[in-house]
Amino acid sequence: MRTVTWQDGVLRLIDQRCLPFELAFVDCTTHAEVAAAIHNMTVRGAPAIGAAAAFGMALAAQQSAARNATELLADLNAAAEQLCAARPTAVNLAWAVEQQLTCAQQAGPEPNSVQTALLAKAQAIADADVAANRSIGQLGAPLIHDGATVLHHCNTGALATVDYGTALGVVRAAHEAGRRFHVLLDETRPRLQGSRLSAWELEQLGVSYEILPDAAAAYFMRRGEVDLVLVGADRIAANGDVANKIGTYSLAVLAAAHALPFYSVAPLSTVDLRCATGDDIPIEERDAAEVLAPHGQAIAPAHFRARNPAFDITPARYLAGIITEIGIARAPFTESLARFVEQAASGNTAPPQDP
Ligand code: MRU
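Please read these numbers as outputs of a predicted model, since none were measured by experiment. Per chain, residue numbering runs from 1 following the sequence as it is written. Whole-chain, interface and lining totals are the exception, using all residues; otherwise, since this is a predicted model, local features are given only for residues with pLDDT of at least 70 and side-chain atom pairs are given and counted only at 80 or more. Derived side-chain values reflect all non-hydrogen atoms in the structure, with water molecules and hydrogen atoms excluded from consideration.

All right, on to the environment of C28 then. Segments assigned H or I by DSSP are reported as helices when at least four residues long, segments assigned E as strands when at least two residues long, and all are numbered from the N terminus. Turning to its location among the elements, C28 is positioned in strand 3 (residues 25-28). C28 sits 28 residues away from G56 along the chain, and the two C-alpha atoms are 8.4 Å apart. It only takes one pair of heavy atoms within 4.5 Å for two residues to be counted as in contact. Ignoring anything within four residues of it in the chain, the contact list for C28 reads V10, L11, L13, E33, V34, A37 and L59.

What follows is the structure, given as structure tokens:
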């Protein structure tokens, strides 16, 4: 089952707010509904919101009353702005919307042909995400040895993508290859993507796991009970700095202090060469209510003050590598990432030599 599916003119999303207790769905028939679903995290995870936004653009084209290409492009630009404003950090969202705007410009001039092209492109973006994740899994799985313990943050599984997952896709591929290992899942406060979503996914896959309070990572590292840290990414700057779920940076520093390999795992659609470093990446700050009342359960009075940055930046120097669909990028990342992006754009997806 895909996180994001198109059925008879409707975008169907798994409602990730209801998991793990209920598998429910939300149907979107307008791009505004898609933008709202991205903002309220019905759908979340960088690649998943990128695919949802691509379908949002297709919906905008279908619902437009435009009589000619100029009017339609104006409607699509307005929809693009609304979708991109839904969440600022994961570049996959802006990337997918930009792909759709280019597609619309090339498909004109008839509104009908633009509508058809945008729907086909959204399907292609969704399918390409699944293919990229499977390839990431194959390339990353050898890093997980029999008997290893992997520490993971947030949710990077099928739910965070269209299907299969990135960092948890590597876990899944190693499991499918018959390796026996254990995964420690950070619960990932305040929205608990680890304990609600990653645990739900690993339960279904039959992968051995335990949920940890976020603050317990150092304890287990010091005891020698962690071999490898795998996390996702929401945006990767040209120099390899990684924006990912809040708490990733502290894990990277801890991994360095314990001489543990720390990998970020992401498709190349997450690399943003327009950001020279992590300082150029916008960081989303969400409502303080998520901290004071996680999932609606008050743990402090509503008038107490709180900060809620949704992401942080991990400097590239902490990374052993970035696992992508065409290979593992290594330092110096300014060179390896630029080479990978160029290679992918040229259609040559044969994995380069991993030094
Ligand atoms: O706020 P979220 O849940 O959308 O954040 C998601 C993450 O930070 C993931 O770790 C990242 O997007 C990778 S998803 C494959």
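For the chain, the domain assignment lists domain 1 (4-133) and domain 2 (143-345). Here the C-alpha centroids of domain 1 and domain 2 sit 25 Å apart. Buried area, as used here, totals the accessible surface that two parts lose on assembly, with accessibility defined by a 1.4 Å probe and the loss added over both. Carbon and sulfur atoms supply 55% of the area that domain 1 and domain 2 bury against each other, a total of about 2,600 Å² over both sides. By the criterion of area lost to domain 2, the three top residues of domain 1 are R44, T89 and N133, representing 24% of everything that side buries. Only one rule defines a salt bridge in this text: a Lys or Arg side-chain nitrogen within 4 Å of an Asp or Glu carboxyl oxygen. The tally of links between domain 1 and domain 2 comes to two salt bridges. In this structure, the salt-bridge partner of E284 is R87, at a minimum N-O distance of 2.9 Å. Mapped by element, the contributors of at least two residues to the side of domain 1 that touches domain 2 are helix 2 (46-63), helix 4 (91-107) and helix 5 (111-140). Here the side of domain 1 that touches domain 2 takes five residues from helix 5, the largest share from any one element. All the domain ranges listed were derived from an automatic or database domain assignment.

Moving on, we get to the sheet that holds strand 3. DSSP bridges decide pairing: two strands pair if at least two such bridges lie between them. Strand order in this open sheet of three strands is 1-2-3, and the pairing throughout is antiparallel. Because the sheet does not close on itself, it has two edges, and the strands there are strand 1 (4-7) and strand 3. Across this sheet, the average inter-strand angle for adjacent strands is 25°, counted without regard to direction. Here strand 1 runs beside strand 2 (residues 10-14); their pairing, made up of four bridges, is antiparallel. Of the residues in strand 2, the one forming a bridge with T5 is R12. To obtain each axis, a line is fitted to C-alpha atoms, and for helices this fit is confined to the stretch in contact; angles are then taken between N-to-C directions over 0 to 180 degrees. Its contacts with the sheet place helix 2 against strand 1, strand 2 and strand 3, and it is angled at close to 25° to strand 1.

Now for the site of the ligand. Around the ligand there are 19 residues in total, and R44, R87, Q193, D234 and K245 lie nearest to it. Taking A46, its main chain carries an N or O atom lying 3.1 Å from an oxygen atom of the ligand. At a separation of 2.7 Å, an oxygen atom of the ligand approaches a polar side-chain atom of K245. Notes on the ligand: free accessible area 410 Å², of which the protein chains cover 99%. Each cavity reported here is a set of points on a 1 Å grid over the protein atoms alone in which a 1.4 Å probe fits but cannot get out, each pocket an open set with protein on both sides within 12 Å along at least five of seven lines, and each lining residue one with an atom within 4 Å of a point. Just a note on the criterion: a molecule sits in a pocket or cavity if more than half of its atoms are within 2 Å of the grid points. A molecule is said to occupy a pocket when more than half its atoms come within 2 Å of that pocket's grid points, and by this definition the ligand occupies the largest cavity. Breaking the shell around the ligand down by element, the ones donating at least two residues are helix 2 and strand 9 (242-245). Throughout this document, a residue counts as near a molecule or strand when at least one of its heavy atoms sits within 4 Å of that molecule or strand. Residues adjacent in sequence count toward polar contacts only when both atoms are side-chain atoms; beyond that, a polar contact is any pair of N or O atoms within 3.5 Å, and within protein one must be able to donate a hydrogen and the other to accept it. Accessible surface is estimated by sampling points in the Shrake-Rupley manner with a 1.4 Å probe; for residues, cover comes only from the protein chains shown.

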